[in-house]
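# Architecture and fold: a report
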Amino acid sequence: MLPSPPSCVVSKRVVFLSQVTCRGSLSRLVHIPIQQPKGRFYSSRYLHRTHPCTRFGIMSKAADIPKEQWAQVTEKDGVITYKKIPVPTPGHDEVLVNIKYSGVCHTDLHALDNDWPLPRKTPVIGGHEGAGVVVQKGELVTNVDIGDKVGVKWLMSTCFHCTFCQQALESLCPKAQLSGYTKDGTFQQYCVANAAHLARFPPQTDLSAVAPIMCAGLTVYKGLKESDTRPGQYVAIVGAGGGLGTIGIQYAHAMGLNVIAIDGGKEKGEACKKLGASMYIDFKESKDLVADVKKATHDGLGPQGVVLLAPQEQPFQQATGYVRSHGTVVCIGMPAGAKVSMPVFDTVVRMIKVKGSYVGNREDTAEALDFFLRGKVHAPYKVIGLSQLQSVFDEMRANRVIGRYVMDMSK
Ligand SMILES: NC(=O)c1ccc[n+]([C@@H]2O[C@H](COP(=O)([O-])OP(=O)(O)OC[C@H]3O[C@@H](n4cnc5c(N)ncnc54)[C@H](O)[C@@H]3O)[C@@H](O)[C@H]2O)c1
Ligand SMILES: [Zn+2]
Ligand SMILES: [Zn+2]
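In this report, we go over the structure that sits alongside the text. Quantities reported herein were computed from a predicted structural model and do not represent experimental measurements. (Residues numbered from 1 in each chain as written. Chains lettered and ligands numbered in written order. Predicted model: local features only at pLDDT ≥ 70, side-chain atom pairs only at ≥ 80, totals over all residues. Heavy atoms only, no water.)

## Quick word on unusual backbone geometry
Cis geometry is adopted by the peptide bond preceding proline 123, which originates at threonine 122 and carries an omega value of -10°. Tracing the backbone shows proline 123 in the loop between helix 3 (106–113) and strand 8 (124–125). Unlike most non-glycine residues, histidine 326 shows phi in positive territory, near 70°. Relative to the helices and strands, histidine 326 resides in the loop between helix 10 (314–322) and strand 19 (328–331). Positive phi outside glycine occurs at valine 359, with the angle close to 35°. In this structure, valine 359 sits in the loop between strand 20 (353–356) and helix 12 (362–373). (Helix = DSSP H or I, 4+ residues; strand = E, 2+ residues; numbered from the N terminus.)

## Thoughts on the sheet that holds strand 20
Across the sheet, which stays open at both edges, the six strands sit in the order 17-16-15-18-19-20 with parallel pairing between neighbours. Looking at strand neighbours, the two that pair on one side only are strand 17 (279–282) and strand 20, the edges of this open sheet. For this sheet, the mean angle separating the axes of adjacent strands, direction not counted, is 20°. The pairing of strand 19 with strand 20 spans four bridges and is classified as parallel. Across the sheet, residue cysteine 331 finds its bridge partner in strand 20, namely glycine 356. Of the strands in this sheet, strand 15 (234–238), strand 18 (305–308), strand 19 and strand 20 are in contact with helix 6 (residues 216–226), which crosses strand 19 at around 155°. Contacting strand 15 and strand 16 (258–263), helix 7 (residues 243–254) runs over the sheet at an angle of about 170° to strand 15. (Pairing = 2+ DSSP bridges. Axes fitted to C-alpha atoms, helices over the stretch in contact; angles between N-to-C directions. Contact = heavy atoms within 4.5 Å.)

## What about the nonpolar core?
In this structure, Phe201, Val210, Ile213, Val235, Ile237, Ile249 and Tyr251 are the most contacted members of the largest nonpolar core, which totals 40 residues. Going through the elements one at a time, strand 9 (130–138), strand 14 (199–201), helix 5 (207–210), helix 6, strand 15, helix 7, strand 16 and helix 12 are the ones with two or more residues in this core. Inspection of this core shows a minimum of three residues originating in each of domain 1 (68–215 + 361–408) and domain 2 (218–356). Setting aside chain neighbours within four positions, we find isoleucine 249 in contact with Ile237, Ala240, Val259, Ala261, Cys272, Leu275, Gly276 and Ala277. Judged by nonpolar contacts, the second largest core, of 32 residues, contains Leu109, Leu386, Leu389 and Val392. (Core = buried A, V, L, I, M, F, W, Y, C linked by side-chain atoms within 4.5 Å. Buried < 20%, exposed > 50% of the residue type's maximum accessible area, 1.4 Å probe, protein only. Domains from an automatic or database assignment.)

Laid out in structure tokens, this is it:
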């Protein structure tokens, strides 16, 4: 007889037969067949399906979790329905988060329209900028406790075994599950999330203010790092007045970069300058955007870095024209069906780099959050109710959103 492990632990000693012990009122030793070679860990997904805790429901939870909740559900592309649905139950490596606030990202609009070449679940509950409190957790969860303030991100879970996960390139994991896309996300009052990918907040964190950091902040922070710019250099932020852009200006400013903000309209220009941009270029007014961006740098040679956030194709055609020789263009915005254009000759003789940047890993999240907690970045945001999500999408389609809309899930 093996000694009883301290908690819910799987013995690795047995080949083709494994032993699982659960402590608690239904404590027992169970044999389950494992089709894994000797010496290998088996995935938490396998446990999720077979673990006796799943069957007996052993997990910690707060006393008053309702059976039903409000959510915004996409049952048909382009249409959201505000309705009551059952509260889900977390698996072994998951938690149930009582989402207090959720930001609305332009990616949620792409998900609603289903306009990307990436299969989305239907029906789906969108949302991936969630901030809330853990109210229930699976038996294998050790990194958070009931009552902790946490954030739910686009990367809901990854395999942790593939070559990308092993290098902390988790966003490239072929088995990644995406919040609000391949899994139900944060446009609901109670959301199930993989514990390992949660962002963890200190108790004093303002959950409405931190919500946009979970995607907009993290993504643009990572994008700026990918631009390889250094303090004192120029970075052009394209789509600077939107959700990612307004936070991006502040990260860039805090990093000591000189920000050239590009967007459309006077109001966005004023907001960008207030947040730290040294120059604003209105793409709707400019007669020659490439020349104007170059002129905005002290020597007329263009910015060393360009961070493309706009959900339109045109900026992706223009950026290699104004980026400084040996500079870097980082593609982050994902306009449906768009292509990046770069003349081969210029790309070669001016040694231009063009790359993509896709959210960020857990360490990037911690770093992006640290800027927020030190008061270096603060997304300009307006709070509305979960029931008003449609109006945010309408504003977003018209490019009228300055900063972020954050939804109060109780309204
Ligand atoms: N790569 C990633 O990991 C990642 C993560 C989050 C969001 N995104 C994508 O980033 C894009 C932006 O997201 P958001 O939430 O900031 O959107 P948003 O709607 O809040 O902001 C987009 C901004 O782009 C501006 N814009 C439109 N056309 C422009 C043009 N021609 N030139 C300059 N600016 C222009 C709009 O006026 C708006 O201010 C979306 O496509 C979204 O899906 C990518
Ligand atoms: Zn992986
Ligand atoms: Zn997003």
